[in-house]
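# Summary of structural features
Here's the letter readout for the chains.
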Amino acid sequence: MVGRFSRMVVAMTIRMPRWFVGWVSRRYVAGSKLDDAVKVMHRLSKEGACFTIDVLGEEISSMEEATFFLEEYKRVVTAIIDNDFDSNLSIKPTAFGLLLDREKGMENIENLVRMAHGHDMFVRLDMEDHRVTDDTIQVMLEMHEKGLTNVGVVLQGRLFRTLDDIRNITQKLGPNADYRICKGIYLEPSEISHTDRQPIIDATNQCIDAMLDAGSYVGIASHDHPVINHTLAALEKRSMGPNSVDPRENAGPERRQKGPGYEFQMLLGVRGPLRRKLRAKGHRTRVYIPYGEKWYEYSIRRLKENPTIGTQVAKAFLMPWTNRP
Ligand code: FDA
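Everything numeric in this text was worked out from a predicted model, so none of it was measured. (Residues numbered from 1 in each chain as written. Predicted model: local features only at pLDDT ≥ 70, side-chain atom pairs only at ≥ 80, totals over all residues. Heavy atoms only, no water.)

## Examining a nonpolar patch on the surface
Put simply, the test is: Patches were defined on residues exceeding 30% relative accessible area and lacking a salt bridge, with like-charge contacts within 9 Å and nonpolar side-chain contacts (Val, Leu, Ile, Met, Phe, Trp, Tyr) within 5 Å. Residue burial considers only the protein chains on display, and all accessible areas are found by Shrake-Rupley using a 1.4 Å probe. One speaks of a salt bridge when a side-chain nitrogen belonging to Lys or Arg is within 4 Å of a carboxyl oxygen belonging to Asp or Glu. Helix and strand assignments come from DSSP, with helices taken as H or I runs of at least 4 residues and strands as E runs of at least 2, each series counted from the N terminus.
A grouping of Met8, Met12 and Met16 is seen on the molecular surface, where their side chains present a nonpolar patch of about 280 Å² in accessible area. The topology assignment puts Met16 in the loop between α1 (2-15) and α2 (18-25).

## Examining the sheet that holds strand β7 (residues 262-267)
Where we set the bar: The pairing criterion for strands is at least two bridges between them, as found by DSSP. Fitted lines through C-alpha atoms serve as axes, helices being fitted only where they are in contact, and the angles separating the N-to-C directions of these axes extend from 0 to 180 degrees. The contact criterion used throughout is that any non-hydrogen atoms of two residues lie within 4.5 Å.
Taken in spatial order, the eight strands close into a barrel running β1-β2-β3-β4-β5-β6-β7-β8, and their pairing is parallel. For this sheet, the mean angle separating the axes of adjacent strands, direction not counted, is 30 degrees. Here β7 pairs with strand β8 (residues 285-291) via four bridges, running parallel. Opposite Leu267, over in β8, you have Tyr288 as the bridge partner. Seen against the sheet, helix α6 (residues 133-145) touches β3 (123-125) and β4 (151-156) and runs at an angle of roughly 155 degrees to β4. Docked against the sheet, helix α8 (residues 197-213) engages β4, β5 (178-182) and β6 (217-221), running at close to 165 degrees with respect to β5.

## Notes on the pairing of β4
Put simply, the rule is: Per-residue accessibility, obtained with a 1.4 Å probe over protein chains only, is compared with the maximum for each type, and a residue is labelled buried under 20%, exposed over 50%, and partly exposed between these values. Handedness rule for crossovers: strands pointing away from the viewer, path from the first strand over the helix to the second running clockwise, crossover right-handed.
Judged by how many residues are buried, β4 sits mostly within the fold: six of six residues are covered. Sheet analysis places β3 next to β4, joined by three bridges and oriented parallel. Note that in β4 the partner of Arg124 across the bridge is Gly152. Handedness of the crossover is the feature at issue here: the chain leaves β3, passes through α6, returns alongside β4, and the resulting connection is right-handed. Bridging between β4 and β5 involves four bridges; their strand directions are parallel.

## Section: the pattern of salt bridges
All told, the structure shown has 26 salt bridges when counted by the stated rule. Here Lys33 and Glu293 are joined by a salt bridge, their closest N and O atoms 2.5 Å apart. Of this pair, Lys33 sits in the loop between α2 and α3 (34-45) while Glu293 is found in the loop between β8 and α11 (295-305), placing the two residues 260 residues apart along the sequence. Of the residues examined, Lys33 reaches a relative accessible area of 44% and is grouped as partly exposed. Asp224 is paired through a salt bridge with Lys183; the nearest N and O atoms lie 2.7 Å apart. Placement of the pair is Asp224 in the loop between β6 and α9 (225-237) and Lys183 in the loop between β5 and α8, with a sequence separation of 41 residues. Each of Asp54, Lys92, Asp126 and Arg180 takes part in salt bridges that share partners, so that together they form one network.

## A closer look at the site of the ligand
Counted only if it meets this: Consider each residue's heavy atoms; a residue with any of them within 4 Å of a molecule or strand counts as near. Side-chain atoms alone can form a polar contact between residues adjacent in sequence; in general such a contact is a pair of N or O atoms within 3.5 Å, and within protein one must be able to donate a hydrogen while the other accepts it. Residues are grouped as follows: Ala, Val, Leu, Ile, Met, Phe, Trp, Tyr, Cys and Pro are nonpolar; Asp, Glu, Lys and Arg are charged; all remaining types, including Gly, are polar.
Around the ligand sit 25 residues, and of these Met127, Lys183, Gly184, Ser222 and His223 come closest. The contact in question runs from an oxygen atom of the ligand to an N or O atom on the side chain of Gln156, over 2.9 Å. At 2.9 Å, a backbone N or O of Ile185 approaches an oxygen atom of the ligand. Taken by itself the ligand offers 930 Å² of open surface, and the protein chains cover 90% of this. Elements with a minimum of two residues in the shell around the ligand: β4, β5, β7 and α12 (309-318). Considering every element that reaches the shell around the ligand, the biggest residue donor is β7, with three residues. Of the residues that constitute the shell around the ligand, the class distribution is 11 nonpolar, seven polar and seven charged.

## Re the packing of aromatic side chains
For any two aromatic rings, the description comes down to two numbers: the centre-to-centre distance and the angle of the planes. Under the convention used in this document: Any pair of Phe, Tyr and Trp rings, taking the six-membered ring for Trp, is counted once the centres come within 6.5 Å. Such a pair is stacked with planes under 30 degrees apart, edge-to-face with planes over 60 apart, and tilted for the rest.
Tallied over the full model, the rule gives four aromatic pairs. Taking the centre distance of 5.3 Å and the plane angle of 75 degrees together, the rings of Phe68 and Phe69 count as edge-to-face. Owing to a relative accessible area of 43%, Phe68 belongs among the partly exposed residues under this scheme. A relative accessible area of 5% means that Phe69 is categorised as buried. Here Tyr262 and Phe264 contribute two aromatic rings whose centre-to-centre distance is 6.0 Å and whose plane-to-plane angle is 80 degrees, an arrangement assigned as edge-to-face. Just as Tyr262 is buried, Phe264 falls in that class too.

## Observations regarding helix α5 (residues 102-118)
Spelled out, the test is: The length a helix should cover is 1.5 Å for every residue beyond the first.
A rise of 1.5 Å per residue sets the reference length of α5, with its 17 residues, at 24 Å; its end C-alpha atoms lie 24 Å apart and thus fit the reference within 8%. Taken as a whole, α5 has its buried residues at Gly105, Met106, Asn108, Ile109, Glu110, Leu112, Val113 and Ala116. Structurally, α5 contributes buried residues whose contacts are with α4 (63-82), β2 (87-91), β3, α6 and β4. Asp120 lies just past α5 and shows a positive phi near 55 degrees.

## Overview of the packing of helix α7 (residues 162-173) against α8
Here is the rule we go by: Any angle between 65 and 115 degrees counts as roughly perpendicular, while under 35 counts as roughly parallel, over 145 as roughly antiparallel, and the rest as oblique.
Viewed as axis vectors pointing N to C, α7 and α8 meet at an angle of 10 degrees, and their least axial separation amounts to 10 Å. The angle between the axes of α7 and α8 places the two elements in the roughly parallel class. Here α7 contributes Thr162, Leu163 and Ile166 to the contact with α8, which in turn contributes Gln206, Cys207, Ala210 and Met211.

Read these as geometric descriptors, not functional statements.
This is the structure we're talking about:
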C-alpha cells in the first residue's frame, strides 16, 4: 500500500514541470553554484555542523566530463580553505571516469585526493549500486597504498556482503579505516541484499557494531531512530561519547577535524531538529550538501532509483514539522 502510494507520488513528481521539481528539491540541494553551497555552509556553521560537499552529476559519458568534475572539486577545496569551513568532500569515482578509462580515472581521483591531502582534508567515496562496490573499495585501498590515507569509503548495510567487506578492509587498513555506513539508497536484488525495512535496519546496526569493534572511524549516515538509538547505545557500551578521547584500544590515529571515533551524518534538508538535538548533546554532526547544475537530473534519477523516497517527499510536504531542514 505504502509502496504503491510512494510510486504514485514519484510518478506524478517526475511529470511535473522543472520549476516544480526545483521547488521540491530546494530544501535538499544547496543550489546550482558553488556559491550557493558556501552560503548554506555559512548558515549551518552557526549550528555547529560540519559538512561534506557533493558536486551533483549524472553518469558521465566522456572523459571531458570527468575533467569538469576534477576542476569543480578543486574549486570546492579552495572555497573550503578560503572560508575556513570544517568540511570534507564526497565524490563518486565513476564521475571521475573510472568506468570509461580506469587509468585516467584513477589519475583524476589521485590528483584531487593529493590536493585534499595537502590541506589535511578528507575525501569520502560515495557508494553507488552493487556494480561498482568492488571498484570503489579498490580505489580506496589503492589510495591508501600510495600513502593517501585521507580517503574512506561508504558501505551499505542492506548488502549481504558488507560484514565481509568490513572484515577485509580491517585486515588491510587496520584502524586507519574510515567509513560512512548507511542503509543504501539503491534497491538491490534480493539475491544480494535485504529488501525489507527491519532486516535492513538490523543489518545496518550490525555493521555499525562491527566497525566500532574494529577501531575504525565511523560516520553513521541515517535519519532513522532505530539506527540512531542503536548507535547511541553501542557508543555507551564502548564508553565512547562526546568530548571524550576515543577509548578503544585498537582505535585509529586521532585525525584533525574528527570527533572521538564517530560522527552522525545527515542529508541537507532532512530531519534538522534531530541533527540539532544530537549536536546539542555534544555529538559531532555532518551535513551532506549537494549542489550543481545537474540538480534536476539528479533529483529525477534519485526518485526513479528508489521510489520509496516518494513517501518521504509526500510526508515532508504534508507534515513539514516532522522534517524541518
Ligand atoms: P529512512 O529512509 O527510514 O528515513 C528515516 C526518515 O528520515 C524518513 O521517514 C524521512 O522522514 C527522513 N528521510 C530520509 N531520507 C529522506 C529524503 N531523502 N528526503 C526526505 N526525507 C528523508 N546511500 C548510498 O547508497 N550511498 C551513499 O554514498 C550514501 N551516502 C549518504 C550520505 C549521507 C550523509 C546520508 C544521510 C545518506 C546517504 N545515503 C547513501 C542514503 C542512505 O543509504 C539512505 O538511503 C537514506 O539515508 C535513508 O535512510 P535512513 O537511514 O535515513 O532511514
